Amino acid sequence: RAWGMPDEGSVMGQKFAVLIVDDDVNLVSNLQHILEMEGYHTAVTRDGQTAIALCRQKVFDLALIDIKLPDISGLELIEKLAELSPGIEYIISTGYASLETAVEAVGRRHVVAYETKPLDMDHLLSLVRQVRERKQAEERVVEYEELNKLKSNLLSTVSHELRTPLAIIKGYATMILDYNRRLKSEEKRAYLQSIDKATDRLTELVD
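Throughout what follows, the structure given in this document is the object of discussion.

Rules used throughout
Residues numbered from 1 in each chain as written. Predicted model: local features only at pLDDT ≥ 70, side-chain atom pairs only at ≥ 80, totals over all residues. Heavy atoms only, no water. Salt bridge = Lys/Arg side-chain N within 4 Å of Asp/Glu carboxyl O. Helix = DSSP H or I, 4+ residues; strand = E, 2+ residues; numbered from the N terminus. Buried < 20%, exposed > 50% of the residue type's maximum accessible area, 1.4 Å probe, protein only. Pairing = 2+ DSSP bridges. Right-handed = clockwise from strand over helix to strand, strands pointing away. Core = buried A, V, L, I, M, F, W, Y, C linked by side-chain atoms within 4.5 Å. Contact = heavy atoms within 4.5 Å. Polar contact = N/O pair within 3.5 Å; in protein donor to acceptor, adjacent residues only side chain to side chain. Axes fitted to C-alpha atoms, helices over the stretch in contact; angles between N-to-C directions. Parallel < 35°, antiparallel > 145°, perpendicular 65-115°, else oblique. Left-handed = near helix turned anticlockwise from the far one by under 90°.

Here we look at the pattern of salt bridges
As a working rule, side chains carrying opposite charge can pair if their charged atoms are close by.
Here is step 1: For the coordinates displayed, the defined rule picks out nine salt bridges.
Here is step 2: A salt bridge links Arg-134 to Glu-138, with the shortest nitrogen-to-oxygen separation between them at 3.5 Å. Taken together, the residues Arg-134 and Glu-138, both in helix 6 (residues 121-178) and four residues apart, mark about one turn of the helix.
Here is step 3: Residue Glu-161 is joined to Arg-201 by a salt bridge in which the shortest nitrogen-to-oxygen separation is 3.3 Å. Here Glu-161, found in helix 6, pairs with Arg-201, found in helix 7 (residues 185-206); they are 40 residues apart in sequence, far enough to count as distant.
Here is step 4: What makes Glu-161 partly exposed here is its relative accessible area of 32%.
Here is step 5: Owing to a relative accessible area of 35%, Arg-201 belongs among the partly exposed residues under this scheme.
Here is step 6: Each of Glu-89, Arg-134, Lys-135 and Glu-138 takes part in one network of salt bridges that share partners.

Section: the pairing of strand 4 (residues 62-66)
Here is step 1: Burial analysis of strand 4 places five of its five residues in the buried class, the great majority of the element.
Here is step 2: Taking every second residue as pointing to the same face, both faces of strand 4 are buried, with Leu-62, Leu-64 and Asp-66 on one and Ala-63 and Ile-65 on the other.
Here is step 3: As paired elements, strand 2 (residues 17-21) and strand 4 share four bridges and run parallel to each other. Along strand 4, the bridge assignment pairs Val-18 with Leu-62.
Here is step 4: With five bridges connecting them, strand 4 and strand 5 (residues 89-94) associate as parallel partners. Its bridge partner being in strand 5, Leu-64 is matched across the sheet by Ile-91.
Here is step 5: Once the chain exits strand 4 it traverses helix 4 (residues 74-84) before rejoining the sheet at strand 5, and the crossover so formed is right-handed.

Some thoughts on the pairing of strand 2
Here is step 1: Here strand 2 lies mainly inside the structure; five of its five residues are buried.
Here is step 2: Burial along strand 2 is two-sided: the residues Ala-17, Leu-19 and Val-21 and Val-18 and Ile-20 are all buried.
Here is step 3: Bridge analysis of strand 2 against strand 3 (residues 41-45) gives five bridges, and the strand direction is parallel. Its bridge partner being in strand 3, Ala-17 is matched across the sheet by His-41.
Here is step 4: In this fold, strand 2 hands off to helix 2 (residues 25-37), which returns the chain to strand 3; that crossover is right-handed.

Some points on the nonpolar core
Here is step 1: Counting residues in each nonpolar core, the largest one holds 25 residues, and the members touching the most others are Leu-19, Phe-60, Ile-65, Leu-77, Tyr-90 and Ile-92.
Here is step 2: Contributions of two or more residues to this core are made by strand 2, helix 3 (48-57), strand 4, helix 4, strand 5, helix 5 (99-106) and strand 6 (111-116).
Here is step 3: Among residues more than four places away in sequence, those in contact with Ile-92 are Ile-65, Ile-67, Ile-78, Ala-105, Val-111, Ala-113, Tyr-114 and Glu-115.

A look at the side chain of Asp-22
Here is step 1: Here Asp-22 shows up in the loop between strand 2 and helix 2.
Here is step 2: Asp-22 sits in the buried class, given a relative accessible area of 3%.
Here is step 3: Reaching out from Asp-22, the side chain makes a polar contact with the backbone nitrogen of Asp-24 at a distance of 2.8 Å.
Here is step 4: Beyond its immediate sequence surroundings of up to four residues, Asp-22 is in contact with Leu-27, Val-28, Thr-45, Arg-46, Asp-66, Leu-69, Ser-93 and Lys-117.

Considerations on the packing of helix 6 against helix 7
Here is step 1: For the pair helix 6 and helix 7, the least separation of the axes is 9 Å and the interaxial angle reads 155°. In terms of orientation, helix 6 lies roughly antiparallel with respect to helix 7. Helix-helix and strand crossings are classified by hand; for helix 6 and helix 7 the assignment is left-handed. Counted together, Glu-161, Leu-162, Pro-165, Leu-166, Ile-168, Ile-169, Tyr-172, Ala-173, Met-175 and Ile-176 of helix 6 and Lys-188, Tyr-191, Leu-192, Ser-194, Ile-195, Ala-198, Thr-199, Arg-201, Leu-202 and Leu-205 of helix 7 form the full contact between these two elements.

The following block contains the structure:
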């Protein structure tokens, strides 16, 4: 069963979206309340299969996953979610900590922490903030790179578009200056009309 389904606009928009997968109802209720008080958007579920279904419908930034779930293990769930949403990062929690599961968990890609229960909520919030801030910084870098690319493309296009009317103006002006006496009146007029049209085109481009 799933509850606290996230609003589609918020998950896809500005709010940092957290998926909580744990069958401890009291823990989940407290954790969801704390995260939403901090301004995060949350969705919660008790089992792995429902978590997979949620990730097929929504986009999440971070998943808090209990290593021991009713249907599949938390580590197996991470593998399945990684195929659906490569951008999700994970915090693993367990009430049965062992060196073996800790090594296996932190060795997984995008697993940022392995936490033992009872959870230290202040520490957990700090981890969530760190993930959010890093993702925001990465998004800003991507946006900056995209803007730079757009700017370069724009300058390249404008430069190319400006060269054509400039070449026309320069060419016909040079013809008139160098061959003024040899040119017939109708030729001069045609050249001047071409210069006039090219000037209008330049004005349009500048505007």
